[in-house]
Amino acid sequence: MAATSPHLPWWNDRVGYQVYLPSFADADGDGWGDLAGLTARLDHLAGLGVGLLWLSPIHPSPMADHGYDVADYLDVHPRLGTLADVDRLVAAAEARDIKVLLDLVPNHTSIAHPWFARARRDREDPYRDYYHWRDPAPDGGPPNNWTSVFGGPAWTFDETTGQYYLHLFAPEQPDLNWDNPAVAEEFDAILRFWLERGLAGFRIDVAHRIIKAPGLPDQPVVPPELRPTDHSGRSADHHAIEHIHDEDQPGLKELHGRWRRIADDYDALLLGEIYLLEPATLARYLADQRGLHLAFFFGLVEARWQPEALATMLRAGEVTGPHLAWVQSSHDRSRAVTRYGGGATGRRRALLVATLTAALPALPVLYQGEELGLDDGEVPVEAMQDPLALRSGGALSRDPARTPMPWRDEPGLGFTSGQPWLPEGGRRRGDTVEAQETDPASPLAAHRRLLATRASLADLRHGEVRWVGEAPPLLAYDRGQARVVANVGSSPVALPLEGSAWRVAFATGGLAEGARLEGGAELASEQAAILVRDEAQTP
Ligand code: GLC
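These figures come from a predicted structure and were not determined experimentally. (Residues numbered from 1 in each chain as written. Predicted model: local features only at pLDDT ≥ 70, side-chain atom pairs only at ≥ 80, totals over all residues. Heavy atoms only, no water.)

Novice: Can you tell me about the overall build of the chain, naming the residues and giving the values?
Specialist: Along the chain, the regular secondary structure elements total 16 helices and 19 strands. Its C-alpha radius of gyration of 23 Å places the chain within 12% of the 24 Å reference for a compact globule of 539 residues. C-alpha extents for the chain along the principal axes are approximately 85 × 50 × 45 Å. Put simply, of all contacts in the chain between residues at least 6 apart along the chain, 67% involve residues at least 24 apart. Per element, the accessible surface of the chain, about 19700 Å² overall, is 52% carbon and sulfur. Positive and negative side-chain charges of the chain, numbering 50 and 76 respectively, have mean locations separated by a distance of 3 Å. (Helix = DSSP H or I, 4+ residues; strand = E, 2+ residues; numbered from the N terminus. Rg over C-alpha atoms; globule rule 2.2 N^0.38 Å. Contact = heavy atoms within 4.5 Å. Areas by Shrake-Rupley, 256 points an atom, 1.4 Å probe, with all protein chains shown as cover. Lys, Arg positive; Asp, Glu negative; His and termini not counted. Charge placed at Lys NZ, Arg CZ, Asp CG, Glu CD.)

Below is the structure:
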């Protein structure tokens, strides 16, 4: 790991990696990835150049949303390991200079959380007010028109006490009531518990929706002709209303700031899932650095291969400041390779985008399997597990992005010796870590070289970004003495070399790494490179 600049936080010099734990590596053969499995695979991440892991939720959970329904924030799901396994993981990661973030899920708990068990028991219980309860509407239906991300109303009627409770996600995920100061205090303690244990911070789940408008008013209905046809991981019902009262609300940033003050005591990182695509909106949460340290920019996760849109999105940091984490895939959306056209085309484009984001402030984050150029796995409808799939008859499903990591070409993929919880996904030998390890032309080899280039050139991690190619086909920016270039068009383009000599530090194809460019050079269609100014005289 390159030395950290004294002026920049520690994460600035790292590359992040999302581990979707159920599908990463299974040590005990029960078909579910676990902490011990991940710990045994850390060398894969160290070899790739990863310095920061984000772990999807590890807590006890009925798994109605695969861990995003937490039943105890202070313990570990027995299927995934124990608290001692967390300690072992953190120590083994530390030995490789890798920091570990947990996923904090503060918007909702599981219905199996003891708080909710108490809350639903009777209206007078002190835990009642940890959640949002309302009387039925006069017709007996839900109290307002809010809808769930996974489909259907955002309310479920609870027979015992005769009221509805709010859930922006599944009925098994009741929303917490953050107007109740006791809830905030519970979470202060949860943050401290894990930070004391040596975790490096948190990815904050649904960080843009935790606070709701006072009185929970109805939200405007979106006319059918204006609703998106590409649902992108959310139900049609979710898109049927305009979310003006259940996201981006006053008070949210203050809540982020409350957590930041705790995190700063530990020099920990808070990385928000602030799913707001407008950079100007994100900037309100990030620019003055009084909220979370970083937020993901999700524009690329939503995009297909759209060079014009790409050019605009890559400049989001000019609006938000250098506080973005760059992702093009996650466990919630179709993988980039698939969205960009699949196969060799998709792989080529995903590597191009990875190159363009590798030197953008502050933090590039890979989703597991991205380094292998994976496309979506095949999951037959009857094998789907995602709550979104179960409610849409399989029409919408996040499962294809979640199939097991292909380590080896054998039954169970080297992921498990048992029966994987999701199908293997139709992986081929060339998709596996084992095959790519020894193939210099593999996506794995390219990602390793790319991240090594970022680590070896301080200019790629420090200093101002200056765009020098702003519109397709040529996208290019300088960072210090380095220049990142990509041709997003369909024919070769001349590279801007401005009379200087440049050395090719990294190339996805077309250019030879190590070559000196002087005079003129062309970049082939859909290729990218990192160049470094090379003032040495030609002999
Ligand atoms: C976030 C997670 C997603 C989960 C949802 C509810 O969007 O990334 O997987 O379903 O929150 O917790």
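That was the structure; now back to the text.
Novice: With reference to specific residues and values, describe the site of the ligand.
Specialist: Residues in contact with the ligand amount to 14 residues; listed here are only the nearest, Asp65, Asp205, Glu273, His331 and Asp332. Note that an oxygen atom of the ligand is positioned 3.0 Å from one of the side-chain N or O atoms of Arg203. Measuring from an oxygen atom of the ligand, one finds a side-chain N or O atom of His331 at 2.9 Å. For the ligand, the protein covers 95% of the area, taking 310 Å² as the surface of the free molecule. Class assignment of the residues belonging to the shell around the ligand gives a composition of four nonpolar, three polar and seven charged. (Near = heavy atom within 4 Å. Polar contact = N/O pair within 3.5 Å; in protein donor to acceptor, adjacent residues only side chain to side chain. Nonpolar A, V, L, I, M, F, W, Y, C, P; charged D, E, K, R; others polar.)

Novice: Provide a residue-level description of the pattern of salt bridges, including the pertinent values.
Specialist: Counted according to the given criterion, the structure contains 43 salt bridges. Arg427 serves as the salt-bridge partner of Asp375, at 3.1 Å between the closest nitrogen and oxygen. Of the two residues, Asp375 sits in the loop between β11 (363-367) and α14 (387-391) while Arg427 sits in the loop between α14 and α15 (433-437), which places them 52 residues apart along the sequence. One network of salt bridges, with partners in common, ties together Asp65, Asp332, Asp386, Arg398 and Arg402. (Salt bridge = Lys/Arg side-chain N within 4 Å of Asp/Glu carboxyl O.)

Novice: An account of the sheet that holds strand β5 (residues 155-158) is needed here, citing residue identities and associated values.
Specialist: Strand order in this open sheet of three strands is β4-β6-β5, and the pairing throughout is antiparallel. The open sheet has two edge strands, β4 (133-134) and β5, and neither has a second partner. Both β4 and strand β6 (residues 163-166) contribute to a ladder of two bridges, which runs antiparallel. Residue pairing in the sheet places Trp133 in a bridge with Tyr165 of β6. (Pairing = 2+ DSSP bridges.)

Novice: So what about the domain arrangement of the chain? Which residues, and what values?
Specialist: Interfaces are frequently sized by the accessible area removed from exposure as the parts join. As far as domains go, the chain holds domain 1 (10-106 + 180-212 + 249-449), domain 2 (114-166) and domain 3 (464-533). Between the C-alpha centres of domain 2 and domain 3 there is a distance of 57 Å. (Domains from an automatic or database assignment.)

Novice: An account of the sheet that holds β11 is needed here, citing residue identities and associated values.
Specialist: Strand order around the closed barrel formed by eight strands is β1-β2-β3-β7-β8-β9-β10-β11, with parallel pairing between neighbours. Going across the sheet, the axis of each strand differs from the next one's by a mean of 30°, ignoring polarity. Packing of helix α8 (residues 279-286) onto the sheet brings it into contact with β9 (294-297) and β10 (324-326), and relative to β9 it is tilted by some 165°. (Axes fitted to C-alpha atoms, helices over the stretch in contact; angles between N-to-C directions.)

Novice: Quick rundown of the environment of Arg118? Include the residues and the values.
Specialist: Turning to its location among the elements, Arg118 is positioned in helix α4 (residues 114-119). We classify Arg118 as partly exposed; its relative accessible area is 28%. Put simply, Arg118 and Tyr130 are 12 residues apart on the chain and 9.8 Å apart in space, counted from C-alpha to C-alpha. Excluding anything up to four places from it in sequence, Arg118 contacts Asp125, Pro126 and Tyr127. (Buried < 20%, exposed > 50% of the residue type's maximum accessible area, 1.4 Å probe, protein only.)

Novice: If you had to explain the environment of Lys253 to someone new, which residues and values would you point to?
Specialist: Checked against the element boundaries, Lys253 lands in helix α7 (residues 252-265). When neighbours within four sequence positions are excluded, Lys253 is seen to be in contact with Arg284, Tyr285, Asp288, Arg290 and Gly291. A distance of 3.1 Å separates a polar atom in the side chain of Lys253 from the backbone oxygen of Arg284.

Novice: Lay out unusual backbone geometry with the relevant residues and their values.
Specialist: Residue Ala362 is bonded to the preceding Pro361 through a cis peptide linkage, with omega at 0°. With an omega of 10°, the peptide bond between Pro472 and Pro473 qualifies as cis. Examined against the element boundaries, Pro473 turns out to sit in the loop between β12 (465-471) and β13 (474-479). Of note, the phi angle at His66 is positive, near 50°, even though the residue is not glycine. Position of His66 relative to the elements: it lies in the loop between β2 (52-55) and α3 (83-95). Relative accessible area serves as the criterion here: at 3%, His66 is assigned to the buried category. We note that Val206 has phi near 45°; this positive angle belongs to a residue other than glycine. Relative to the helices and strands, Val206 resides in the loop between β7 (201-204) and α6 (236-239). Look at Val206 and you get buried, because its relative accessible area is 3%.

Novice: Got a sec to walk through helix α5 (residues 181-196)? Specific residues and values, please.
Specialist: Since there are 3.6 residues in each turn of an α-helix, residues three or four apart along the chain are aligned in direction. In a regular helix each residue adds 1.5 Å, so 16 residues correspond to 22 Å; α5 covers 23 Å between its end C-alpha atoms and thus fits that length. Among the structural elements, α3, β3 (99-104), α4, β7 and α7 are those in contact with the buried residues of α5. The distance from a side-chain oxygen at the start of α5 to the backbone nitrogen of Ala182 is 2.9 Å, and the residue carrying that oxygen is Asn180. (Expected span 1.5 Å × (residues − 1).)

Novice: Any chance you could break down α7 for me, citing the residues and the numbers?
Specialist: With 14 residues, α7 ought to run about 20 Å at 1.5 Å a step, and its terminal C-alpha atoms sit 21 Å apart, in line with that. Residues of α7 that are buried include every one of Leu252, Lys253, Leu255, His256, Gly257, Trp259, Arg260, Ile262 and Ala263, and no others. Phi turns positive one or two residues past the end of α7, at Asp267, with a value near 55°.

Novice: Help me get a handle on the pairing of β9, residues and values and all.
Specialist: Relative to β9, strand β8 (residues 269-272) runs parallel, the two sharing two bridges. Its bridge partner being in β9, Gly272 is matched across the sheet by Ala295. Viewed along the sheet, the connection from β8 through α8 into β9 turns out right-handed. Sheet topology note: the β9/β10 ladder contains three bridges and is parallel. Considered in β10, the bridge of Phe296 is made with Ala325. (Right-handed = clockwise from strand over helix to strand, strands pointing away.)

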